[in-house]
Amino acid sequence: MAKRRLSQQQRKRIQAVQNASSESDAHRQGLVVSHRGGQILVELEDATTVECKIKSNLGTIVCGDRVVIETTTLPEYRVIGILDRDNLLQRVDGFGQNRVVAANVSQLFICLATSPEPNLYLLDQYLLSAAQQQIEACILLNKIDLAGARQDPFGLRHIYPALGYQLIETSVKTGVGMEQFKALLADQVSVLSGVSGVGKSSLTSWLLPREKIKIASISEANEEGRHTTRASRLYHLPGGGDLIDTPGVRGFSPFIDNTSPLANGFREIRELAGQCRFHNCRHRNEPHCAVITAAGTGAIAESRYQNYLKMLEQAAS
Ligand SMILES: Nc1nc2c(ncn2[C@@H]2O[C@H](COP(=O)(O)OP(=O)(O)OP(=O)(O)O)[C@@H](O)[C@H]2O)c(=O)[nH]1
Ligand SMILES: [Mg+2]
Ligand SMILES: [Zn+2]
């Protein structure tokens, strides 16, 4: 497990946990590498992985969490504390419930593919969510081998790099873009997220050929809702850095943060907002709105503006 500097607060907390015990080596620190249902896998500092139970009332534990485990409870280990998180990637599921995806991440790869076709509304929801949670977002378009001769088939190249987002195009099948992808992962804690079937586990497996990672077979890949990966899993990469493969999402609605206007998650809208007549302009139908003007001239992409309006409406409902 990579060594990591602890914040003062984290050190204090561990100290407190250790002081609470007369046997200080009864507690060990670890990294959560997988969590599904009540079963949690923790990697200890000596790189062994142990199955743990969770002390009740601890709250949600997620892949990437640094935890303190109690070792006196053998044959079972028990997680008794979660160290302070640098961040927590969250989303809202189809039932309006908050769902945690991963903790202590440094970048999010929003994985799309030429098939199933990218949903730009979902992409913009992801980007808003990442902005709200101060997590670097990178857009990955996989299965580029299936794009044929079509130039920019989904308009991604036209819209997103101009906003400062990194867009990489890959093919696990032909190897196109894979070295670029690999280079972006070095020394980062990256999460791959996206709908089922875009190739998240295939990308992970390309990087870690010795790991047994389940990938949809061609026949399964044609079925709706196959959801091959059932639990998130954190892997250490040989070139440095960690990678978290996650199960396919049906939606990635942003975790709504009411303290900051939605427009802050749309870079081009945020940039123009200061030029609107009203300081609290929501860029819907207000007079002298710089955003509406820019959407009219095409300076703001139509899909981005429409997605902004749709999210605004959803946030209000
Ligand atoms: N043509 C082509 N097929 C690919 C590529 N990458 C992955 N696939 C295929 O896409 C299908 C789905 O791949 P997975 O890696 O299981 O997809 P996933 O995103 O992990 O899916 P879930 O675990 O269900 O969320 C498999 O049949 C892969 O072989 C690619 O670059 N090109
Ligand atoms: Mg998968
Ligand atoms: Zn405006």
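None of the values given here were measured: they were computed from a predicted structure.

Student: Give me the lowdown on the packing of helix α2 (residues 120–132) against helix α9 (residues 302–316), citing residues and values where you can.
Tutor: Between α2 and α9, whose axes approach to 10 Å, the crossing angle comes to 70°. The pairing of α2 with α9 is recorded here as roughly perpendicular in orientation. As α2 runs across α9, the sense of the crossing is right-handed. Residues Leu120, Tyr121, Asp124, Gln125, Leu127 and Leu128 of α2 form the contact with α9, whose participating residues are Ser303, Arg304, Asn307, Lys310, Met311 and Gln314. Residue classes in the contact of α2 with α9 are distributed as five nonpolar, four polar and three charged.

Student: Residues and numbers for the layout of surface pockets, please.
Tutor: Of the volumes computed, that of the largest pocket is approximately 770 Å³. Forming the boundary of the largest pocket are 30 residues, of which Arg91, Arg99, Val100, Arg230 and Pro247 lie nearest the centre. Counting residues per element, the lining of the largest pocket draws most heavily on strand β7 (residues 98–103), which supplies four residues. Considered class by class, the residues forming the lining of the largest pocket number eleven nonpolar, 13 polar and six charged. Per-domain counts for the lining of the largest pocket show at least three residues from each of domain 1 (8–82) and domain 2 (88–245).

Student: Got a sec to walk through the coordination of the magnesium ion (ligand 2)? Specific residues and values, please.
Tutor: The magnesium ion (ligand 2) binds to the protein through Ser201 (OG) and Thr229 (OG1); the donor distances cover 1.9 to 2.1 Å. Linking Ser201 in helix α5 (residues 200–207) with Thr229 in the loop between α6 (218–221) and β12 (233–236), this pair joins segments that are 28 residues apart in sequence. In this pair, the class of Ser201 matches that of Thr229, namely buried.

Student: Hey, could you go over the site of ligand 1 for me, with residue numbers and the actual values?
Tutor: In the vicinity of ligand 1 there are 23 residues, among which Val172, Ser196, Lys200, Ser202 and Thr229 approach most closely. Between an oxygen atom of ligand 1 and a main-chain N or O atom of Val198, the distance comes to 3.3 Å. In this structure, an oxygen atom belonging to ligand 1 sits 2.6 Å away from a side-chain N or O atom of Ser202. Alone, ligand 1 offers 660 Å² of accessible surface; in the complex the protein occludes 92% of this.

Student: Mind laying out the pattern of salt bridges, listing which residues take part and the relevant values?
Tutor: One pass over the structure, following the stated rule, counts six salt bridges. With a shortest N-O distance of 2.7 Å, Asp124 and Arg304 are connected by a salt bridge. Of the two residues, Asp124 is situated in helix α2 and Arg304 in helix α9; the sequence distance between them amounts to 180 residues. Take Asp124: its relative accessible area is 1%, and that puts it in the buried class. Overlapping salt bridges bring together Asp124, Glu268 and Arg304 as one network.

Student: With reference to specific residues and values, describe the environment of Asp242.
Tutor: Mapped onto the elements of the fold, Asp242 is located in strand β13 (residues 242–245). Remark: the alpha-carbon pair of Asp242 and Gln188, spanning 54 residues in sequence, is separated by 6.3 Å. Among the polar contacts made by the side chain of Asp242, one reaches the side chain of His236 at a distance of 2.6 Å.

Student: Mind laying out the nonpolar core, listing which residues take part and the relevant values?
Tutor: One finds Leu123, Leu156 and Tyr160 to be the most contacted residues of the largest nonpolar core, which totals 35 residues. Listed by contribution, the elements that provide at least two residues to this core are β1 (27–36), β7, β8 (107–113), α2, β9 (136–142) and α3 (156–159). Top contributing element to this core by residue count: α2, with six residues. Residue contributions to this core reach at least three from each of two domains, namely domain 1 (8–82) and domain 2 (88–245). Once residues within four sequence positions are removed from consideration, Leu156 is found in contact with Leu112, Leu120, Leu123, Leu141, Pro161 and Leu167.

Rules behind the numbers
Residues numbered from 1 in each chain as written. Chains lettered and ligands numbered in written order. Predicted model: local features only at pLDDT ≥ 70, side-chain atom pairs only at ≥ 80, totals over all residues. Heavy atoms only, no water. Axes fitted to C-alpha atoms, helices over the stretch in contact; angles between N-to-C directions. Helix = DSSP H or I, 4+ residues; strand = E, 2+ residues; numbered from the N terminus. Parallel < 35°, antiparallel > 145°, perpendicular 65-115°, else oblique. Left-handed = near helix turned anticlockwise from the far one by under 90°. Contact = heavy atoms within 4.5 Å. Nonpolar A, V, L, I, M, F, W, Y, C, P; charged D, E, K, R; others polar. 1 Å grid on protein atoms, 1.4 Å probe; cavity = no way out; pocket = protein on both sides within 12 Å on 5 of 7 lines; lining within 4 Å. Points joined across faces, edges and corners; volume = space filled by probe spheres on them. Domains from an automatic or database assignment. Donors = N, O, S within 2.8 Å, 3.2 Å for Na, K, Ca; no water. Buried < 20%, exposed > 50% of the residue type's maximum accessible area, 1.4 Å probe, protein only. Near = heavy atom within 4 Å. Polar contact = N/O pair within 3.5 Å; in protein donor to acceptor, adjacent residues only side chain to side chain. Areas by Shrake-Rupley, 256 points an atom, 1.4 Å probe, with all protein chains shown as cover. Salt bridge = Lys/Arg side-chain N within 4 Å of Asp/Glu carboxyl O. Core = buried A, V, L, I, M, F, W, Y, C linked by side-chain atoms within 4.5 Å.

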